Number of protein chains: 2
Amino acid sequence: MPAAVSILTDLLIIFVAAKLVGELFTRIGQPAVIGELLVGVLIGPFALGLIGRPGPELLELFHDDPAVATEALHLALEVFAEVGVVVLLFFVGLETRLDDMLKVGWRAAIVGVLGVLLPFVAGTALMLALGEPTIESLFIGVALVATSVGITARVLRDLGVLDAQEARIILGAAVFDDILGLLMLTIASGIGSTGEVNVGQVITIAVLALGFTAVVALAGTWAARRWFHLVDRLQIDNAPVVVSLALMLGLAVLAAAIGLAAIIGAFLAGMMLAEIAEEYELGRKMLPLYEFLVPFFFVVTGSLVDPRLFLQRETIGLALLVTIVAIVTKAAGAGLGGVGLSGRSMSIIGVGMVPRGEVGLIVASIGLSMGVVEHRLFSVVVVMAVATTLIVPPILNWLLRPLVEAHRLQAAEVPGHADR
Amino acid sequence: MPAAVSILTDLLIIFVAAKLVGELFTRIGQPAVIGELLVGVLIGPFALGLIGRPGPELLELFHDDPAVATEALHLALEVFAEVGVVVLLFFVGLETRLDDMLKVGWRAAIVGVLGVLLPFVAGTALMLALGEPTIESLFIGVALVATSVGITARVLRDLGVLDAQEARIILGAAVFDDILGLLMLTIASGIGSTGEVNVGQVITIAVLALGFTAVVALAGTWAARRWFHLVDRLQIDNAPVVVSLALMLGLAVLAAAIGLAAIIGAFLAGMMLAEIAEEYELGRKMLPLYEFLVPFFFVVTGSLVDPRLFLQRETIGLALLVTIVAIVTKAAGAGLGGVGLSGRSMSIIGVGMVPRGEVGLIVASIGLSMGVVEHRLFSVVVVMAVATTLIVPPILNWLLRPLVEAHRLQAAEVPGHADR
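Below is a summary of the structure that appears in this document. This is a predicted model, so every value here is computed, not measured.

Definitions and cut-offs
- Residues numbered from 1 in each chain as written.
- Chains lettered and ligands numbered in written order.
- Predicted model: local features only at pLDDT ≥ 70, side-chain atom pairs only at ≥ 80, totals over all residues.
- Heavy atoms only, no water.
- Helix = DSSP H or I, 4+ residues; strand = E, 2+ residues; numbered from the N terminus.
- Rg over C-alpha atoms; globule rule 2.2 N^0.38 Å.
- Buried < 20%, exposed > 50% of the residue type's maximum accessible area, 1.4 Å probe, protein only.
- Contact = heavy atoms within 4.5 Å.
- Areas by Shrake-Rupley, 256 points an atom, 1.4 Å probe, with all protein chains shown as cover.
- Lys, Arg positive; Asp, Glu negative; His and termini not counted.
- Charge placed at Lys NZ, Arg CZ, Asp CG, Glu CD.
- Core = buried A, V, L, I, M, F, W, Y, C linked by side-chain atoms within 4.5 Å.
- Least-squares fit on C-alpha atoms with pLDDT ≥ 70 in both.
- Buried area = accessible area lost by both parts, 1.4 Å probe.
- Salt bridge = Lys/Arg side-chain N within 4 Å of Asp/Glu carboxyl O.
- Polar contact = N/O pair within 3.5 Å; in protein donor to acceptor, adjacent residues only side chain to side chain.
- Nonpolar A, V, L, I, M, F, W, Y, C, P; charged D, E, K, R; others polar.
- Phe/Tyr/Trp six-rings, centres within 6.5 Å; stacked < 30°, edge-to-face > 60°.
- Lys NZ or Arg CZ within 6 Å of the ring centre and 35° of its normal.
- Axes fitted to C-alpha atoms, helices over the stretch in contact; angles between N-to-C directions.
- Parallel < 35°, antiparallel > 145°, perpendicular 65-115°, else oblique.
- Left-handed = near helix turned anticlockwise from the far one by under 90°.
- Expected span 1.5 Å × (residues − 1).

## Structural notes on the overall build of chain A
The helix and strand inventory of chain A stands at 18 helices and 0 strands. A compact globule built from 420 residues would reach a C-alpha radius of gyration of about 22 Å, and chain A, at 21 Å, matches this within 12%. The burial tally for chain A puts 59% of its 420 residues in the buried class. Looking at chain A alone, contacts between residues at least 24 apart form 78% of all its contacts between residues at least 6 apart. As displayed, chain A has an accessible area near 16300 Å², and 66% of this comes from carbon and sulfur atoms. Each charge class in chain A was averaged separately, 23 positive and 35 negative side chains, and the resulting centres sit 8 Å apart.

## Brief notes about unusual backbone geometry
In the Ramachandran plot, Asn238(A) falls in the positive-phi region, its phi being about 55° despite a non-glycine side chain. With respect to the helices and strands, Asn238(A) occurs in the loop between helix H10 (199–227) and helix H11 (239–258). Its identity as a non-glycine residue notwithstanding, Asp64(B) has a phi of 55°, on the positive side. With respect to the secondary-structure elements, Asp64(B) resides in the loop between helix H3 (56–61) and helix H4 (66–94). The class for Asp64(B) is exposed, based on a relative accessible area of 59%.

## As for the nonpolar core
Residues Leu8(A), Phe292(A), Leu400(A), Leu8(B), Phe292(B) and Leu400(B) are the most contacted members of the largest nonpolar core, which totals 252 residues. Those residues within four positions of Leu8(A) in sequence are excluded, and the remaining contacts are Glu82(B), Val83(B), Val86(B), Leu249(B), Ala252(B), Val253(B) and Ala262(B).

## Details of the relation of the copies chain B and chain A
It takes a turn of 180° to lay chain B on chain A, together with a shift of 0.0 Å along the axis; the resulting RMSD is 0.0 Å. When the rotation and shift are considered jointly, the pair of chain copies conforms to a two-fold rotation axis. The position closest to the rotation axis in chain B is occupied by the C-alpha of Ala76(B), lying 2.2 Å away. Mapped onto chain A, 100% of the interface residues of chain B are again interface residues, and the two copies thus contact each other with one and the same surface.

## Notes on the interface of chain B and chain A
Each side of the interface is counted separately: chain B has 60 residues, and chain A has 60 residues. Where chain B abuts chain A, roughly 5000 Å² becomes buried across the two surfaces, and 82% of that area is made up of carbon and sulfur atoms. If you look at where chain B meets chain A, you find 0 salt bridges. On the surface where chain B and chain A come into contact, there are 8 residue pairs in polar contact (both at pLDDT 80 or more). At the level of secondary structure, the elements contributing two or more residues to the side of chain B that touches chain A comprise helix H1 (3–27), H3, H4, helix H11 (239–258), helix H14 (282–285), helix H15 (287–303) and helix H18 (357–369) of chain B. Element by element, the count of residues in the side of chain B that touches chain A is highest for H1(B), at 15 residues. For the side of chain B that touches chain A, a count of residues per class yields 41 nonpolar, 7 polar and 12 charged.

## Here we look at the packing of aromatic side chains
Applying the stated criterion to the full structure yields 15 aromatic pairs over all chains. Every member of this aromatic cluster is reached through a ring pair, and the members are Phe15(A), Phe80(A), Phe292(A), Phe296(A), Phe15(B), Phe80(B), Phe292(B) and Phe296(B). A cation over an aromatic ring shows up here: Arg154(B) above the ring of Phe298(B), its NZ or CZ 4.9 Å from the ring centre.

## Thoughts on helix H7 (residues 134–143) of chain A
Residue and element names in this part refer to chain A. Of all 10 residues in H7, 8 are buried, a share of seventy percent or more. When we look at burial in H7, the residues that qualify are Glu 136, Ser 137, Leu 138, Phe 139, Ile 140, Gly 141, Val 142 and Ala 143. In this structure, the buried residues of H7 make contact with helix H6 (105–129), helix H9 (165–194), helix H17 (357–370) and helix H18 (375–413).

## Some details on the packing of H4(B) against H15(B)
All names here are of chain B. Running from amino to carboxyl end, H4 crosses H15 at an angle of 125°, the nearest separation of the two axes being 7 Å. Comparing the axis directions of H4 and H15 gives the class oblique. Where H4 crosses over H15, the handedness of that crossing is left-handed. Counting all contacts with H4, which are made through Leu 77, Glu 78, Phe 80, Ala 81, Val 83, Gly 84, Val 85, Val 87, Leu 88 and Phe 91, the residues of H15 involved are Leu 287, Leu 289, Tyr 290, Leu 293, Val 294, Phe 296, Phe 297, Phe 298 and Val 300. In terms of residue class, the contact of H4 with H15 is built from 17 nonpolar, 1 polar and 1 charged.

## Things to note about the environment of Asp10(A)
With respect to the helices and strands, Asp10(A) occurs in helix H1 (residues 3–27). Ignoring anything within four residues of it in the chain, the contact list for Asp10(A) reads Leu50(A), Ile51(A), Gly52(A), Arg53(A), Leu73(A) and Leu77(A).

## Focus: helix H6 (residues 105–129) of chain B
Residues and elements named next belong to chain B. Its 25 residues place the ends of H6 36 Å apart at the C-alpha level, agreeing with the 36 Å of an ideal helix rising 1.5 Å per residue. If you check which residues of H6 are buried, you get Ala 108, Ala 109, Val 111, Gly 112, Gly 115, Val 116, Pro 119, Phe 120, Gly 123, Thr 124, Leu 126 and Met 127. Against the buried residues of H6 lie helix H7 (134–143), helix H9 (165–194), helix H16 (313–336), helix H17 (343–352) and helix H19 (375–413). Gly 131, located one to two residues past H6, shows a positive phi value of around 90°.

## What to know about the packing of helix H8 (residues 150–158) of chain B against H15(B)
All names here are of chain B. With their axes 12 Å apart at the nearest point, H8 and H15 run at an angle of 135° to one another. One way to sum up the angle between H8 and H15 is to call them oblique. For the pair H8 and H15, the crossing hand works out as left-handed. Contacts between H8 and H15 involve Gly 150, Ile 151, Arg 154, Arg 157 and Asp 158 from the first element and Leu 287, Tyr 290, Val 294 and Phe 298 from the second. Looking at side-chain class alone, the contact of H8 with H15 contains 5 nonpolar, 1 polar and 3 charged residues.

Limitation: the analysis is restricted to geometry and does not speak to function.
Shown next as C-alpha cells:
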C-alpha cells in the first residue's frame, strides 16, 4: 500500500467516528460538535491511537524515523482539518449578509476590542506578578488574546441561530479580534527580537489587514452582486460552485499571507457571496463538501489533546490559573461589549468568544522559537487552548436553548420557513 | 502562518489551474483531463515549481531538511490526489449497474487476462534478451502488467460514454487486471526474497481478492437494494450522502488492505449503490465533491513528471523501448480480448487499458527495496508509467468521437434524456 493510501485509513476512521458520534449526540439532543471533539480525544494518538500513528508504509517513506513520520502524518491530517474549518467559515459567511453585519458593526468592534484588552492586560499582569521576565509576560498576554471562532461558529450553525443578533456580533468581533491579535503579535515580536517596536511595520500591517477586510467586505460584495452572473458564461460544469470554491480558497490564502487567520478570509469570501448565494443555491449545492470536510477539523482538533498535559504536576497549577484567567477575562471583556443587551445575550457573546484554539499556540510557538518563551510556559498555553476549546460548546448550547426555542416557534408561525 | 495553512496555497493553485485549463480545453473541444495533466507538469516542482516546493513554515517544521519537508508536502498533496481518484472511481461505479457488468463479465475477464499476459511475457523476455538477471526481468515484467484505470475512467466519464459496452468491458477488465497484478506481484516477491513461491500465500491472496470483489459486487448490491433505505431513520443531516461516503472510504481502505488498488474498492462501492443511486440522487447531490477533489489527482499526477527523465542519455533508449513494448503489448492483448467486436471497439478497449500510472511504480519500488531491481531500471519504469499515462487521453478522445456523436443523437431522439 502506498503511504498516501495508508492515510486514507485515518481519514476513514475520523469520518466514521464523527458521523457515528454525531448521530448519537443528535439523538440525545446535544450538538454534534461536542461529540466530534470528544471522539477525537478518544481515538487520537494520545489515547486509543486509532489515528495519528504512522504505519509501516509511512515509517519506510521517512527512513524509519518515527518522529518525522508522525509529524508528516499529522501535517496531512491537519491540512484536511484546515480545509474543513475553511469550508465551515465559508458556509457561515454565506449565511451572513454584509448589511446585517454593518448594523452590529460598532457593537462588534467594542466586543472585539474589550475581549482583546482584558485578557492581554490580565495575562501580562499575572505573569509579571509571578516574577516572569517582561518580554515573556508580554508574549503570554498576547497568547491569551486571539479567539478562534471555528468552534463557536459551528455550534451557532448546528443550532440554526446564525441569524441571531448575538451570532452576528460574535462573528464581527472575531474579525476585529483577529486583526488586533495580529498587531499585538507584531508588536511583541518586535520587542522580543530587537527590543523595540517598528512603528512603520505595525502601521503597514494594520493598513493591510483593515484594508483587506474592508475591500473584501464592501467592494467584494458589490462586485459579486454586479459580476457573479458572468459565471453563467463559463463552459465548465457547476461553474457557480467552482468559482465560489476558488474565492473561498483564494481569500483564505490571502488572509493567511497577510498574517490573519485563513478562516477570516474564508468567512469574508462567504459573506461577499451571501447576497447571491440564494439565487445560485450555493449553500444547498455545496452541502456535501460541508458534510465531508468539516468533521475533520473537530476530530483532528480533539485528537491533538494530550491528556497527560493535565497531569503534569509542575505546570498544572499554573496552567489552570492561566486558563481561568483566559476564560474569565475574555468572557467578561467581550460580554461587557454587549452592555445594553440582555444578560443572556451578554453571556452568549462573552462565552462565544472564549475558545482560543490554535491561535494562542501560534503566538506561543513564535515566542518559543525566538527564545523568549520557556517550554514550561508553552505547555501552559497548550492547556489553556485545549481547555477553552472543549469547555465552550456545552455552555453555549445551554445558554442558547431559549434562542433556539424562539427560532423554532417563529419558524412554525411562518409557513414554509421551517424547511428552508 | 502554520505549516498546514501554507499547504492551502498549493491546493489553491492546483484547483484554480485545473479549472482555468479545464475551461480552456472545454472551449477548444478537448477533454479537461488532458489539460489538467499538462498543467500539472507545468506548475509542478520540476518545471515552474508553483506547487510541491516547501515554504519556510514547512522547512521549519522539519528542522530545515528540504528533502524531508518536500517529501511531507508531496505526501499531503498525494492524500488529496488519492481521495480525488477514489471519488472519481466511486462516481464511475455509481453509473455502472452490476447487471450490465455481468453481461460483459466473460469478455472483461478475457480482456483482463490477455492484457496482463502479453505485457508480462514480452517485458520479461525483453529484459532476459538484454542480458538482465532472471529475477530482475521478472519484476520488470510484473511492473508492466497493472493498468491504472483512473485516467481512462475520467475520459470516458467526461465524454459521457460510461454506459457504452466498451466502457463496461474496460472497467470490468480493470478489476481482473488488478487481481492478477496482485497475484503476480506476490509470486515475484516470493521468488525475489526466498527464491521460491509460497503457494499457500498466493492462494490465500487469490481467495481474499476474488472473495472481496464477489462479495461486494453481489452481496453488496443485494444488501444495498434491501437495506439502504434504513438511512432514512438516521438523524444526521444528509444521511444518504454520509453513508455513501463512509462506504466509499471503507471499501477503498479494505481493498488497499488486501493489496488491491484503493480505487477498485471505491469503484465496487459505487457499483453496489448504482441501483439505488437514482432514487437518492446520490450522483447529483455529491457532485461538488467530484468538482472539488477529482482535479487534485490529475494535476498532482502531472506534477510528478520530471521532464529530465526523458533526457537521461544512458537510460532513455531502453526506457523508450520498454514504453513501446508496454503500450503495444497491452493494447494488443486487451484489444485481442475484444475479438468479435468492431475494430474501433477493440482499439478503444486496447488503448483504454494502456495507462499504468502509479501501479507499475509500486511494483518496481518493491523490487528496488528488495535489492532485485537496479535504480537504472526503476527510472525506466517511471518513464513507462508517465508516458503511458500522458499518451492515452488524446488517442482515446479521438477513437471515441463517433461513439460520443451516436450518444448525442440518441439523446436528442429521446425527449428528456438529454438533461438527465
